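Report on the structure
Given next are the chains, with one letter for each unit.
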Amino acid sequence: MEGGGKLDTILEMRNITKTFTGVKALDGVSLKVSRDEIHALVGENGAGKSTLMKILSGVYPHGDYSGSVDYEGSECAFKSILDSEKLGIVIIHQELALIPYLSIAENIFLGNERAKGGVIDWHRTVSMAGELLAKVGLDENPNSLIMNIGVGKQQLVEIAKALAKKVKLLILDEPTAALNDEESSKLLDLLLELKKQGVTSILISHKLNEIARVSDSVTIIRDGKVIETLDNATRKVDQDRIVKSMVGREIVDRFPKRDSHIGEVILKVEDWTVYHPLYEDRKVINGVSLNVRRGEVVGLAGLMGAGRTELAMSIFGRSYGKRHSGRVFKDGKEIQLHSVTASIDNGIAYLTEDRKNYGLVLIEDVRSNISLASLPKVSAGQVINQGKENQAATAMQQQMRIRCTGIDQIVESLSGGNQQKVVLSKWILSEPDILILDEPTRGIDVGAKYEIYTIINRLISEGKSIILISSEMPELLGMCDRIYVMTEGEISGELDREHATQENIMHCIMNHQRGTKE
Amino acid sequence: MSVIGRLFKNNIRQYGMVIALAFIMGLFQITTEGIMFKPMNVTNLVLQNSYVLILAIGMLLIIITGGIDLSVGSVAAFVGAVSAVLMVDHNMSVMNAMLIGILIGALVGAFHGYFIAFLRIPAFIVTLAGMLIFRGFTMAMLQGQTKAPFAKSFQALAAGYLPFMDLRWGSLNVIALAAGVLVSIILAAVMLHSRRTKRKYHFEVVPLWLDIAKIAVIMAAINLLTYEFAGYNGLPIILVILVALILIYTFVTERTIAGRHIYALGGNEKAARLSGVKTDMVKFWVYVNMGVLSAIAGLIVAGRLNAATPKAGTGFELDAIGACFIGGASTSGGIGTVIGTIVGGFVMAVLNNGMSIMGVSVDWQQSIKGFVLLGAVCFDFYTKSRSQSK
């Protein structure tokens, strides 16, 4: 140990303050990261985590903020992201920065090419990429295209890319947001392995169980300030305390209670089968039958790729797949849902899991996003009644408590939780009887999640029915009256509230998989 | 921040281009020693550019959906040629020939729309093909020659004036003056009514004096313009057609479900489809609409030249596209207004006109227009990135 105590701290950020045109995004934040630890950074969306990391990686250049950044014992003044990468600080963003049409090897060395005099040495590139892939435990040909591998594997490629840059301090922004449980756990194991090899990590995550599992310390940020840093060397950090610090209030119950008055069956799907849109011989949904009763929250559980989204979208106006067969009944009468409009007219709405790409017109304002699916309701013939439209949108904005400067605000500039409320408002305004919610709380913070749950309960109390698709088991268990488990495009189990536990859901999945393989 | 400051900032793009137009006109008024605002010149400005503006309106709808139409010049020439053959060679009546021309335009638009909307072929490629196809048809149909002359009534469409040209008050045409007064009264009434409606629904309105100032400026501009027309031959028929199209399309884009669907499609096609917008049909119809407007432009060009020529309409597509982008439309779709496009079109038109009067050679005119287009789009990016960082 040369250098003694000084080197125990790899990074120290002191008194960082950053303002955006008068608004303090960070207010005197100090962060100390020890060598060879996994340091978790948590906070609600907009708390300032990403801003802090952008300062660390040089995205916001020195001089743009006040305060100091000490790395490896010397003060840094990064002018760009290149400066920080030179010193071994690498950030992996939530939206992966890989080029889909290039190979794994090309992506790993992008901007860092193995070349002599500007000419790429392909042998060295591919063989070194192979070594790096082995290091991160990814069994793929370095020549495979990025577009042909899944998100979980892409995340590993990003880490390999960081290793190629001789990373010492790795920053991961929500690395497991798009991964299933198995992939997530693999990724977290890799972080622990890298830690042994001398890579320090800063992990930004909303998933408290993951943080509790791998991190050595946890720093909680709220409203641009550090609230506290907790030690987690024993892996026994108090998760409730983290939540309390994050939201600044005690959340007594993560899932609000509701009185359920479940009525007769309102929606019935029988023997629903759908084929893949491109490979027309492949069944994506196979003979699914399910029913939903009035005033009931029905969950759809399953691993990623089980076909839950595909099932929902294929029912909603055949928005997914080809060669649909099967029957859909509402209130006992068969209905035809050949188009989205037909579905909306029949009182079925679908809230997408991907609000940015499928849910919102980001460049338009709150008003027109809310009214988009209900224009005939605010129009006389083909002509929109602006007064009615404004009234409807304002009513939704107030009722859903969308925090915006007004219904004229462009939705792109809203936070994730408020964007989600806009999409939800759009569908509630269309007055559906059955609302399919696909990952309604993905990527939004704890406080906004609670509000979404409250909205679900309110809709239920108004006699509507909800199908809830979620990858977060506690959410399904906390919210649903009944859960269907989907496995490989089929229903592998149905559990009522008493029998719904994580273990039972996993049993359904595992038994079914075994059953199909035998 | 003060109301005016905020208002200006929110609408800097729109006002910016209007101010730029006023500035350019003022500049040319000085450099051309007063020729710019001579009644005859103002009238000519409208007559010369009407067809490009008509094309630009259709082009705007397409650009909002995220597409492009390169074929409009060729389609205009083709429709002009067909109607010329019908009228000159087959002695068909003007009305019938025009209706057939417009029908052909719609069919050509449907042809493009079919490939773009239903077969998902990129618009750039489909309309590039259309540009070649219909230019070829035009040349084949005219066999490389010019077809002329047309009946007086057909020429009047592009070069005629409203009746009672000689009804004058002093040297001024009474019809034009009256139209100016009438239009500005209607406009003021409409604006005040919309203000009242907003208040009824308790929405924020700008201070009354500001609205009144705005109305006063617009009234002054309208009456100044009609005064100019009154000093020459009165109101050109084509101006009436143009104003009607501007009003109709402004209404359609801003106040109807169809318009909202066009913007939503351009802003995010997938989200629009999942919200019940029939995206394929919307795309198809904007190209049919473009075909119809191309046909109208083609008839006007033929009427103005009093001949159908194989080279008619060459380069129109670029003027129309340029007008949209100068007028604030976004290359990635979802953004743009009819009135902005018209202002953009006039910026280009005034530049052409002013430089021609000054005797700037055609080569230089091209370059200067290029720089203006580039400058306008840069300005757009600058204001957008600034408003986003806030």
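Every chain is numbered on its own, with residues counted from 1 as its sequence reads. By the order in which they are written, chains take letters starting at A while ligands take numbers starting at 1. The model is predicted, so local features are restricted to residues of pLDDT at least 70 and side-chain atom pairs to those at 80 or more, both for listing and for counting; the totals for chains, interfaces and linings are taken over all residues.

Side note on the overall build of chain B
As a reminder, the rule being used: Helix numbers and strand numbers start at the N terminus; a helix is a DSSP run of H or I with at least 4 residues, a strand a run of E with at least 2. Values of the radius of gyration come from C-alpha atoms, whereas the globule rule sets the reference at 2.2 Å times the count of residues to the power 0.38.
Of the regular secondary structure elements, chain B holds 16 helices and two strands. In terms of overall dimensions, chain B is globule-like: its C-alpha atoms have a radius of gyration of 21 Å, near the 21 Å expected for 390 residues. Its C-alpha atoms give chain B principal-axis dimensions of about 65 × 60 × 45 Å.

Quick notes on the overall build of chain A
Applicable threshold: Field definition: a residue is buried when 20 or more other C-beta atoms are found within 10 Å of its C-beta, exposed when 12 or fewer are, and partly exposed for counts in between, with C-beta atoms placed from the backbone. Our contact criterion uses C-beta atoms placed from the backbone: two residues qualify when those atoms are within 7 Å.
On a plain count of helices and strands, chain A comes out with 17 helices and 24 strands. Computed over its C-alpha atoms, the radius of gyration of chain A comes to 25 Å, within 12% of the 24 Å expected for a compact globule of 518 residues. With the C-alpha coordinates aligned to their principal axes, the bounding extent of chain A is approximately 80 × 55 × 45 Å. Across the 518 residues in chain A, those meeting the buried criterion constitute 44%. Considering only intrachain contacts with a sequence separation of at least 6, the fraction spanning at least 24 residues in chain A is 67%.

Points about the sheet that holds strand S6 (residues 89-92) of chain A
Residues and elements named next belong to chain A. Threshold: Strands were regarded as paired on the criterion that DSSP finds at least two bridges between them. Axis angles are defined between N-to-C directions and span 0 to 180 degrees, where every axis is a line fitted to C-alpha atoms and, for a helix, only to the segment in contact.
The six strands lie next to each other as S6-S9-S10-S3-S11-S12, forming an open sheet whose pairing is mixed. Sheet topology places S6 and strand S12 (225-231) at the edges, where each strand pairs with a single neighbour. Recorded for the sheet is a direction-independent mean angle of 20 degrees between the axes of neighbouring strands. Sitting on the sheet, helix H1 (residues 49-56) touches strand S3 (38-42), S6, strand S9 (169-173), strand S10 (200-204) and strand S11 (217-222), and the angle it makes with S9 is about 150 degrees.

Here we look at the interface of chain A and chain B
Heads up, the rule is: Three residue categories are used. Nonpolar comprises Ala, Val, Leu, Ile, Met, Phe, Trp, Tyr, Cys and Pro, charged comprises Asp, Glu, Lys and Arg, and polar comprises the others, including Gly.
Contacts between chain A and chain B engage 27 residues on the former and 23 residues on the latter. In terms of residue class, the side of chain A that touches chain B is built from 13 nonpolar, 12 polar and two charged.

Thoughts on the sheet that holds strand S14 (residues 283-293) of chain A
Residues and elements named next belong to chain A. With respect to topology, four strands assemble into an open sheet ordered S14-S13-S16-S17, the strand pairing being antiparallel. Both outer strands of the open sheet, S14 and strand S17 (333-335), are each paired with one neighbouring strand and no more. The mean inter-strand angle of the sheet, taken between neighbouring strand axes irrespective of direction, is 15 degrees. Bridge count for strand S13 (residues 265-275) against strand S16 (residues 322-330) is six bridges, and the pairing is antiparallel. Within the sheet, the bridge partner assigned to Leu 267 lies in S16 and is Lys 330.

Some thoughts on unusual backbone geometry
Most peptide bonds take the trans configuration, and most residues that are not glycine carry a negative phi. Along the chain, Ala 148 of chain B connects to Pro 149 of chain B via a cis peptide bond; the corresponding omega equals -10 degrees. With respect to the helices and strands, the residue Pro 149 of chain B is situated in the loop between helix H6 (123-142) and helix H7 (152-159). Phi at Asp 36 of chain A is positive, roughly 55 degrees, even though this residue is not glycine.

Quick look at the packing of helix H10 (residues 237-255) of chain B against helix H15 (residues 338-358) of chain B
Residues and elements named next belong to chain B. We apply this condition: In what follows, roughly perpendicular refers to angles from 65 to 115 degrees, roughly parallel to angles under 35, roughly antiparallel to angles over 145, and oblique to any angle outside these ranges.
One can describe the packing of H10 onto H15 by two numbers: an axis separation of 9 Å at closest approach and a directional angle of 140 degrees. Taken together, H10 and H15 sit at an angle that is classed as oblique. Contacts between H10 and H15 involve Ile 246, Tyr 249, Thr 250 and Thr 253 from the former and Val 338, Ile 339 and Ile 342 from the latter. Across the contact of H10 with H15, the residue classes break down as five nonpolar, two polar and no charged.

What to know about helix H13 (residues 386-399) of chain A
Residues and elements named next belong to chain A. Worth spelling out the cut-off: Expected helix span is taken as 1.5 Å per residue step, with the number of steps being one fewer than the number of residues. It is the directions from the helix axis to the C-beta atoms that the arc portrays.
For H13, which comprises 14 residues, the first-to-last C-alpha distance of 20 Å matches the rise-based estimate of 20 Å (1.5 Å per residue) to within 8%. Residues of H13 that are buried include every one of Glu 389, Asn 390, Ala 392, Ala 393, Met 396 and Gln 397, and no others. In an axial view of H13, the angular spread of the buried residues amounts to 165 degrees, which keeps them on one side of the axis. Each element contacted by the buried residues of H13 is listed here: helix H12 (366-371), strand S20 (383-384) and helix H14 (416-429). Remark: Arg 401 follows H13 within two positions and exhibits a positive phi of approximately 55 degrees.

Let's talk about the domain arrangement of chain A
For the record, the criterion: The split of the chain into domains comes from an automatic or database domain assignment.
In terms of domains, chain A is made up of domain 1 (4-247), domain 2 (256-347 + 433-518) and domain 3 (360-431). Distance between the C-alpha centres of domain 1 of chain A and domain 3 of chain A: 36 Å.

Let's talk about the environment of Ala 56 of chain B
All names here are of chain B. Within the element layout of this structure, Ala 56 appears in helix H3 (residues 39-64). Overall, the presence of 30 C-beta atoms within 10 Å leaves Ala 56 in the buried class. Along the sequence, Ala 56 and Gly 344 sit 288 residues apart, while their C-alpha atoms lie 9.4 Å from each other. When sequence neighbours within four positions are dropped, the list of residues in contact with Ala 56 reads Ala 320, Ala 323, Cys 324, Thr 341 and Gly 345.

Observations regarding the packing of H7 of chain B against helix H13 (residues 279-305) of chain B
Residue and element names in this part refer to chain B. As a packed pair, H7 and H13 sit with axes 7 Å apart at the nearest point and diverge in direction by 110 degrees. Between H7 and H13, the angle falls in the class roughly perpendicular. Between H7 and H13, the residues in contact are Phe 154, Gln 155, Leu 157, Ala 158 and Ala 159 and Leu 299, Ile 300, Gly 303 and Arg 304, respectively.

Quick look at the pairing of S10 of chain A
Residues and elements named next belong to chain A. This is how the line gets drawn: Seen with the strands pointing away from the viewer, any crossover whose path from the first strand over the helix to the second strand runs clockwise is right-handed.
By the criterion of burial, S10 is predominantly enclosed, with five of the five residues buried. Both faces of S10 are covered, namely the face carrying Thr 200, Ile 202 and Ile 204 and the face carrying Ser 201 and Leu 203. Bridging between S3 and S10 involves four bridges; their strand directions are parallel. Opposite His 39, over in S10, you have Ile 202 as the bridge partner. The parallel pair S9 and S10 is bridged by helix H6 (residues 181-196), and the resulting crossover is right-handed.

Looking at helix H8 (residues 239-247) of chain A
All names here are of chain A. Residues Ile 242, Ser 245 and Met 246 constitute the buried set of H8. For H8, the angular spread of buried residues about the axis comes to 100 degrees, placing them on one side. Residues of H8 that are buried sit in contact with S3, helix H7 (208-214), S11, S12 and helix H15 (446-461).

Digging into the environment of Thr 65 of chain B
Residues and elements named next belong to chain B. Along the chain, the position of Thr 65 falls in the loop between H3 and helix H4 (72-89). Expressed as a C-alpha distance, the spacing of Thr 65 and Ala 178, which sit 113 residues apart in the sequence, is 39 Å. Filtering out sequence-adjacent residues up to four positions away, Thr 65 remains in contact with Ile 262, Leu 265, Gly 266, Val 282, Lys 283, Val 286 and Gly 333.

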